[in-house]
Amino acid sequence: MSPSPAFVAIDWGTSSFRLWLMGADGTVLAERRSGDGLLSAARTGFEAVLDGHLSAWPEAETLPVVVCGMAGSRQGWVEAGYIPVPADVAGICTGGVRVPVSRRHVTILPGLALGSSEDPDVMRGEETQLLGAVLETPGSTRFCMPGTHSKWVSMEATVVTGFQTFMTGELYSILSQHSILSHSIGETGDIDPTDRAFLTGVRDAWSRPAQFTHQLFSIRAGQLLHDRKTDDNRARLSGLTIGVELAGAGVGSHEEVALVASGRLGALYRAALDACETPVRSIDADVAVRRGLLEAWRRDRSGGRKNA
């Protein structure tokens, strides 16, 4: 017998929306995914988007909703602010902000921030994923969370001591679509993580990051002079952008990295870290974010959240 629905968990990104109907024990009872991210919801209305997805389940009408991600940004539904680092990642559980105008009981979780004037950084959404990853597989001190803006996090037990953001996914998109390299890349296509061009790109950028912009242009030159194919060029570009991220993050062969990722992107990063001879512990990103949202719901049931 399936457990009764207890709450609604949502990861609301810039361009994506993931919703799960959850039991109190963490069982996923139903799921919806769409492109109703921040950019779309800001036009349609956040509550309207949420109502549209929850209309399929009448039993969800009175359930509490816990949200992480860009719905809590300055351009989102309600700004949820940031918790300054260093901080215990579990602090997000009681730092949530209630949406004041919703008829539903909606809580949006805060992000994390490094307030250094020399090297500031922020994360929003990944902190919930990080909390779940720590709870699912405790003991790691270095986490990699790939994405449009990849996060590398240093931890001591459950305390986030620092993190860095790398615009790897966005950089790849810009270079492949809006630079001179677009003529060499061709149509967007999946990249095989075992592709020699991808792995060579990773190692080249990781071992010689100062040559990165030259390595990029060599893709164009290789097509003109050696008729290198678009599939190989696309794989090499992906490898170069990920490889220079690994170099910037200080990846070496001695420190284990907890890789929080799913699907094709997770496979690419796993292959890239393997190519750099880095020990990897893999954690499914969907499992991690659901676990983080579950923990936030459990800890916040008794109150303590902020009112917007």
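Just so you know, these numbers come straight off a predicted model, no measurement behind them.

*Asks:* Provide a residue-level description of the overall build of the protein chain, including the pertinent values.
*Replies:* Within the protein chain, the secondary structure is distributed over 10 helices and 16 strands. Its C-alpha atoms give the protein chain a radius of gyration of 20 Å, within 12% of the compact-globule value 19 Å for 308 residues. Counting only C-alpha atoms and orienting by the principal axes, one finds that the protein chain spans roughly 65 × 45 × 40 Å. Put simply, the protein chain has 308 residues, and 52% of those count as buried. When contacts within the protein chain are restricted to residue pairs at least 6 apart in sequence, long-range pairs at least 24 apart make up 66% of them. Just so you have it, the protein chain exposes about 13800 Å², and 51% of that area is on carbon and sulfur atoms. Once the 29 positive and 35 negative side-chain charges of the protein chain are each reduced to a mean point, those two points are 1 Å apart.

*Asks:* Kindly report on the sheet that holds strand β14 (residues 257-261), identifying the contributing residues and their values.
*Replies:* The strands that make up a sheet pair up through hydrogen bonds in the backbone, lying either parallel or antiparallel. Pairing is mixed across the open sheet formed by six strands, whose spatial order is β6-β13-β12-β11-β14-β15. Every interior strand has two partners, whereas the edge strands, β6 (87-88) and β15 (280-284), have only one. Pairing between strand β12 (residues 150-156) and strand β13 (residues 159-166): seven bridges, direction antiparallel. Pairing of Val153 across the sheet is with Phe163, part of β13. Contacting β11 (142-145), β12, β13, β14 and β15, helix α3 (residues 126-136) crosses the sheet at an angle of about 130 degrees to β11. Strands β14 and β15 of the sheet are contacted by helix α10 (residues 285-300), whose axis makes an angle of about 65 degrees with β15.

*Asks:* Could you give an account of the packing of helix α6 (residues 196-207) against helix α9 (residues 263-275), naming the residues involved and the relevant values?
*Replies:* For the pair α6 and α9, interaxial distance at closest approach is 9 Å and the crossing angle is 55 degrees. Taken together, the axes of α6 and α9 lie oblique to each other. Judged by the twist between their axes, the crossing of α6 over α9 is right-handed. Within the contact between the two elements, α6 uses Phe198, Leu199, Val202 and Arg203 and α9 uses Leu268, Ala271, Ala272 and Ala275. Class assignment of the residues belonging to the contact of α6 with α9 gives a composition of seven nonpolar, no polar and one charged.

*Asks:* Describe in detail the environment of Ser176, supporting the description with residues and values.
*Replies:* By the secondary structure assignment, Ser176 is in helix α4 (residues 168-178). According to the relative accessible area criterion, Ser176 is buried, its value standing at 10%. Residues Ser176 and Arg281, spaced 105 residues apart in sequence, show a C-alpha to C-alpha distance of 30 Å. In contact with Ser176, other than residues within four places in its own chain, are Ser182, Ile185 and Leu237. One polar contact links the side chain of Ser176 to the main-chain carbonyl oxygen of Tyr172, over a distance of 2.8 Å. Within the structure, Ser176 has its side chain in polar contact with the backbone oxygen of Ser173 (distance 3.2 Å).

Parameters at a glance
- Residues numbered from 1 in each chain as written.
- Predicted model: local features only at pLDDT ≥ 70, side-chain atom pairs only at ≥ 80, totals over all residues.
- Heavy atoms only, no water.
- Helix = DSSP H or I, 4+ residues; strand = E, 2+ residues; numbered from the N terminus.
- Rg over C-alpha atoms; globule rule 2.2 N^0.38 Å.
- Buried < 20%, exposed > 50% of the residue type's maximum accessible area, 1.4 Å probe, protein only.
- Contact = heavy atoms within 4.5 Å.
- Areas by Shrake-Rupley, 256 points an atom, 1.4 Å probe, with all protein chains shown as cover.
- Lys, Arg positive; Asp, Glu negative; His and termini not counted.
- Charge placed at Lys NZ, Arg CZ, Asp CG, Glu CD.
- Pairing = 2+ DSSP bridges.
- Axes fitted to C-alpha atoms, helices over the stretch in contact; angles between N-to-C directions.
- Parallel < 35°, antiparallel > 145°, perpendicular 65-115°, else oblique.
- Left-handed = near helix turned anticlockwise from the far one by under 90°.
- Nonpolar A, V, L, I, M, F, W, Y, C, P; charged D, E, K, R; others polar.
- Polar contact = N/O pair within 3.5 Å; in protein donor to acceptor, adjacent residues only side chain to side chain.

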